[in-house]
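Structural description and commentary
Listed below are the residues making up each chain.
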Amino acid sequence: MNVILLTVFVGLILVGFAIVLYFYCRASSYESSPERDSLMPLHEETVVAHRGSR
Amino acid sequence: MSANKRTIEYNDQIVRQFMLASIVWGVVGMLVGVLIAAQLNYKFLNFNTEWLTFGRLRPLHTNAVIFAFVGNMVFAGVYHSTQRLVRARLASDFLSKLHFWAWQLIIVSAAITLPLGYTRGKEYAELIWPINIAVALIWVVFAINFFWTLGIRREKSLYVAVWFYIATIITVAMLYIVNHLSIPTSLVHSYPIFGGVQDALVQWWYGHNAVAFFLTTPILGIMYYYMPKAADRPVYSYKLSVVHFWSLVFIYIWAGPHHLLNTALPEWLQSLGMIFSLMLWAPSWGGMLNGLLTLRGAWDKLRTDPVLKFFAAGITFYGMATLEGPLLSIKSVSALAHYTDWIIGHVHAGTLGWNGFMAAGMFYFLAPRLWNTKLYSKSLANLHFWLGLVGILLYVASMWISGITQGLMLNGADAKGILNYPNFLETLQSIRPLMGLRIIGGGFYLIGFLLMAYNIGKTISSGSPVNGTFEVDEDEVESKPMGLIGAFCGPSFLYAVALVVFTCLWLFSGGVLGVIGMVFLFATVLVAVVHFKASGVTFGNWYDRLLQSSLPFSIFVLLAALVGGVVQIVPLVTLDRESVITDKIQKVYTPLELEGRDLYVSEGCYNCHSQMIRPFVAEVKRYGDYSLLGESIYDHPYQWGSRRIGPDLARVGGKYSNAWHYDHMLEPHRISPHSNMPNYPWLFKKSTNYASLPSKISVQQTLGVPFAPMSDEEIIAGAKAQAEAIAADLKKEGKEVDPDTQIVAMIAYLQQIGKSLDVSDTSGAVE
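Residues numbered from 1 in each chain as written. Chains lettered and ligands numbered in written order. Predicted model: local features only at pLDDT ≥ 70, side-chain atom pairs only at ≥ 80, totals over all residues.

1. With respect to the overall build of chain B
The test is simple: Numbered from the N terminus, helices here are DSSP runs of H or I no shorter than four residues, and strands are runs of E no shorter than two. All radius of gyration figures rest on C-alpha atoms, and the globule criterion is 2.2 Å times the number of residues raised to 0.38. Any residue with 12 or fewer other C-beta atoms within 10 Å of its own C-beta is exposed, any with 20 or more is buried, and the rest are partly exposed; the C-beta atoms used are placed from the backbone. Distance between backbone-placed C-beta atoms decides contact: two residues are in contact if it is within 7 Å.
When helices and strands are tallied, chain B shows 27 helices and six strands. The C-alpha radius of gyration computed for chain B amounts to 28 Å, which stays within 12% of the reference 27 Å derived for 767 residues, consistent with globular compactness. Each principal axis of the C-alpha atoms in chain B carries an extent, and together these give about 95 × 75 × 55 Å. Residues counted as buried form 54% of the 767 residues belonging to chain B. Intrachain contacts of chain B at a sequence separation of at least 6 include 82% that bridge at least 24 residues.

2. A look at the overall build of chain A
Scanning chain A for helices and strands turns up two helices and one strand. Its helices and strands taken in sequence order, chain A reads α-α-β from the N to the C terminus. Expressed as a percentage of its 54 residues, the buried residues of chain A come to 17%.

3. Re the interface of chain A and chain B
Accessible area lost upon the coming together of the parts is a frequently used measure of interface size. What counts, and what does not: Throughout this entry, Asp, Glu, Lys and Arg are counted as charged residues, while Ala, Val, Leu, Ile, Met, Phe, Trp, Tyr, Cys and Pro are counted as nonpolar. The remaining residues, Gly among them, count as polar.
Taken together, the 30 residues of chain A in the interface contact 39 residues of chain B. Mapped by element, the contributors of at least two residues to the side of chain A that touches chain B are helix H1 (2–27), helix H2 (34–37) and strand S1 (46–49) of chain A. With ten residues, H1 of chain A is the single largest residue contributor to the side of chain A that touches chain B. Broken down by class, the residue content of the side of chain A that touches chain B amounts to 19 nonpolar, eight polar and three charged.

4. Some thoughts on the sheet that holds strand S4 (residues 466–473) of chain B
Backbone hydrogen bonds are what pair the strands of a sheet, in a parallel or an antiparallel way. Stated formally: We call two strands paired when DSSP finds no fewer than two bridges between them. Between N-to-C directions, angles cover 0 to 180 degrees, with each direction set by a line fitted to C-alpha atoms, over the stretch in contact for helices.
Judged by pairing direction, the sheet is antiparallel, and its three strands sit side by side in the order S1(A)-S4(B)-S1(B) without closing on themselves. The outermost strands of the open sheet, each flanked by one partner alone, are S1 of chain A together with strand S1 (5–9) of chain B. Strand-to-strand twist of the sheet, defined as the mean angle between neighbouring strand axes without regard to direction, takes the value 45 degrees. Note: S1 of chain A against S4 of chain B, four bridges, orientation antiparallel. Paired with Val 47 of chain A across the two strands is Gly 468 of chain B, which belongs to S4 of chain B.

5. What to know about the confidence of the model for chain B
Residue and element names in this part refer to chain B. Counted only if it meets this: pLDDT expresses, on a scale from 0 to 100, how confident the predictor is about each individual residue.
In the predicted model, chain B carries a mean pLDDT of 92, and the fraction of residues at 70 or more is 96%. The model gives residues 762–767 a pLDDT under 50, and that stretch makes nine contacts with residues more than four places away or in other chains. Interface predicted TM-score (ipTM) for the complex: 0.71; the corresponding pTM is 0.88.

6. Quick notes on unusual backbone geometry
Residue and element names in this part refer to chain B. The step from His 636 to Pro 637 runs through a cis peptide bond, and the omega angle for that step is 0 degrees. Here Pro 637 is to be found in the loop between helix H22 (617–623) and helix H23 (658–666). Positive phi outside glycine occurs at Asn 48, with the angle close to 50 degrees. Owing to 14 C-beta atoms within 10 Å, Asn 48 belongs among the partly exposed residues under this scheme. Residues other than glycine seldom take positive phi values, yet Arg 87 does so here, at roughly 50 degrees.

7. Notes on the confidence of the model for chain A
Looking at chain A, the pLDDT average stands at 74 and 74% of residues meet or exceed 70. Confidence scores differ between elements of chain A, with H2 of chain A showing the lowest mean pLDDT of 73 and S1 of chain A the highest of 91.

8. Describing the environment of Gly 417 of chain B
Looking at the element boundaries, Gly 417 of chain B is found in the loop between helix H14 (378–411) and helix H15 (424–461). Discounting residues that sit within four places of it in the chain, Gly 417 of chain B has contacts with Val 617 and Lys 621 of chain B.

9. Some points on helix H13 (residues 341–370) of chain B
Each α-helix winds once per 3.6 residues, and so residues spaced three or four apart point in a common direction. Residues and elements named next belong to chain B. Basically, it comes down to this: To get the bend at any residue, fit one axis to the seven residues that end at it and another to the seven that begin at it, then take the angle between the two axes.
Of all the bends in H13, the largest measures some 25 degrees and sits at Gly 356. The element H13 is largely enclosed, with a buried count of 26 among its 30 residues. Immediately beyond the C-terminal end of H13, within one or two residues, lies Asn 372, with a positive phi of roughly 50 degrees.

10. A word on the pairing of S4 of chain B
With five bridges joining them, S1 of chain B and S4 of chain B adopt antiparallel strand pairing. Looking across to S4 of chain B, one finds that Arg 6 of chain B is bridged to Val 472 of chain B.

11. A closer look at the nonpolar core
Generally speaking, nonpolar side chains in soluble globular proteins are found buried as a group. To be explicit about the condition: Definition of nonpolar core: a set of buried Ala, Val, Leu, Ile, Met, Phe, Trp, Tyr and Cys residues joined via C-beta atoms within 7 Å.
Residues Leu 201, Phe 311, Phe 363 and Met 746 of chain B are the most contacted members of the largest nonpolar core, which totals 214 residues. Excluding anything up to four places from it in sequence, Phe 311 of chain B contacts Tyr 226, Met 227, Ala 230, Met 358 and Gly 361 of chain B.

12. Some words on helix H26 (residues 712–732) of chain B
All names here are of chain B. Where we set the bar: Here the expected length of a helix is defined as 1.5 Å per residue gap, with one fewer gap than residues. The directions from the helix axis to the C-beta atoms are what the arc is built from.
Over its 21 residues, H26 extends 31 Å from the first C-alpha to the last, a length consistent with the 30 Å expected when each residue adds 1.5 Å. Along H26, the residues that are buried comprise Ile 715, Ala 719, Gln 722, Ala 723, Ile 726, Ala 727 and Leu 730. Taken down its axis, H26 places every buried residue within 140 degrees of arc, on the same side. The exposed residues of H26 that point more than 90 degrees off its buried face are Glu 713, Ala 728 and Lys 732. Just beyond H26, the residue with positive phi is Gly 734, at close to 85 degrees.

13. With respect to the packing of helix H5 (residues 160–179) of chain B against helix H6 (residues 196–213) of chain B
All names here are of chain B. Formally: Roughly parallel means an angle under 35 degrees; roughly antiparallel means over 145; roughly perpendicular covers 65 to 115; every other angle is labelled oblique. Take the far helix as your reference; a near helix turned counterclockwise from it by less than a right angle gives a left-handed crossing, and one turned clockwise gives a right-handed crossing.
The N-to-C vectors of H5 and H6 enclose an angle of 155 degrees; their axes lie 9 Å apart at closest approach. With respect to H6, the element H5 is oriented roughly antiparallel. Crossing of H5 over H6 shows left-handed handedness. Counting all contacts with H5, which are made through Ala 167, Thr 168, Thr 171, Val 172, Leu 175, Val 178 and Asn 179, the residues of H6 involved are Val 202, Gln 203, Tyr 206, Asn 209, Ala 210 and Phe 213. Tallied by class, residues from the contact of H5 with H6 come to eight nonpolar, five polar and no charged.

14. Let's talk about the packing of helix H11 (residues 306–328) of chain B against H13 of chain B
Residue and element names in this part refer to chain B. Between H11 and H13, the least distance of the axes is 8 Å, while the angle of their chain directions is 160 degrees. In terms of their interaxial angle, H11 and H13 are classed as roughly antiparallel. The hand of the H11/H13 crossing is left-handed. The residue makeup of the contact of H11 with H13, split by class, is 17 nonpolar, six polar and one charged.

Now the structure itself:
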């Protein structure tokens, strides 16, 4: 049973830690930004024929 | 193009190869799935042929769809999206080719060895040890190729999809290696180093997390890349993906014991498995919502775009399956659902709905782009979608009803403990129509998949293969990675460690140390706040820099995934197993019984029969006293099973005569009318492999099974003597049998199951 208490306890610490860091994150300036990162899949690309088929 | 720019070409050939392999193996795996579903209703489909029986084909089905269909699909998705997300061609063409061809060779080896009965006898971990080593090595090749590509990337920050790929690669390696630790007895046979309850725990730590880290995290990564791409919208919330990723990786690994609820597994592990399974609901739905909400403002595209249609349905099935999973992990729900078709329905909601539909969406997205053409037919793709959807719903609904029906019938007993349905076959008869419906549902799904294969084939034939390209600025300044020192000596990480250490000190040590822990905890918080405020350092900065440094990031992922494994696995597997057994301890097998057990494993009997009686009135009445931890402690591998297509066998030893088993293995339906168990005529012809026994017993002794010291000659002579005694007994019943045939060894084992010694009885009498 002690293991469960320890687990829940450590879990809660991590949750608390995550909440605190989240607000720090919100308040901070970014080198990058979630907005920029979230656009990554939308990069355009061009194509060339595969060499084996040219 | 300016002088200081050059064009780099992605390696999309490897993506095409993995994608086509996935489609081919998907057809094979699903075809076998439909066949084995039909075998349960129409036993003649076993064709009295050893390599076509349910027990041998079911592992082929699971391994084919997991490692061949989803595996190849994941490799295609990872290689295609990673190159674009990090703006680099795959690091090594040679490693990419080696990865592809060796993986296909592994699949072919599995497709040959499993029907031949070469198996380790653990679900989704059946492949024999040489193939295990090949899988581990090729996984390392994949890892090197992937991380090397991250190392040469031009995009500084790692996008969320890449985090999921990192978690997949690291965690699957850890799980696979630990659960496949074995000692060989020959080129095609080995015993797992863990036995009994330890093996059960390790198996489901692996088995559940094979679902988590092979069927879920890579597909989530694929979702995070292809969903925005197909919807032409950025991911709904990047911040939600941070929370979702880390909580999923940390929590998932703990949930394995929910496969062993109400068994002889120690109670604390069962509770831990249940609690973490319930907690898992939140991050899973974080991912689902993030995926679905990416469609904001683009829902209308669902009407016209088959890719989005498959993605939206796939993610919805993910949400449904991850709600049902925690529900099934509640002990009282598990009491009803475990060992029944409900679990099969749950699994297929995930595999057909989530994996299959996400794969289809990705293939429909990729095919036109990789062959520079248009999709051959949107109508066919739409037909595939609806056939697949109806197929899944038929499958899942019939399995829910079948599972609940069988659960209620098998657990049904009146106040005096009299069973409502004492004949197991009565429950089988009642679910036959539902199993029939499952065949139709699975058939629909397979037809839809075949339509996709045709559609993509026609698409390919109308185009020609092309590779994506990107322009690189030669003057581009390389980013400075954070490095290990930066990651682990960064104030954010150090403060986090200090907070955890001081909190534990405060709570778990009394007196002065506790006070010191409390004081230092508050001091750390204060210092951190002041430091961050004064210096302008933030967690956000640190995390952004961490995302530019793949090695420290990967180490954090490993740590997050390792915690659960260490807390659950290490205490149990390092125990002196005999020391914790207080009541009954398993009687060590004789050499012939051990050989019979290996045949039982080889025939895949565990696919239909459990050997674990749970402490419920109905189960005890039906099968005998509930199973205790010590009664299977020497079983390498454990054979508790996960499904009762047939009755539990934990106490079958001595229940019937040798002649009954003889007749039953030859033609089960003559002894048990309406039974769907296959006939095993080859056991009556094939010879027992006595020569392999000395090596097997030597390995068992190495693993700590207390076999009495015996010379090789004594082992073989003992086995033959027991075989002759059984043959003589059968002869009395009018059954002429060659004592050296496999059926005799099988009977020897079946008659031994459930025999144990009373620990308190110093005379060691057999119970």
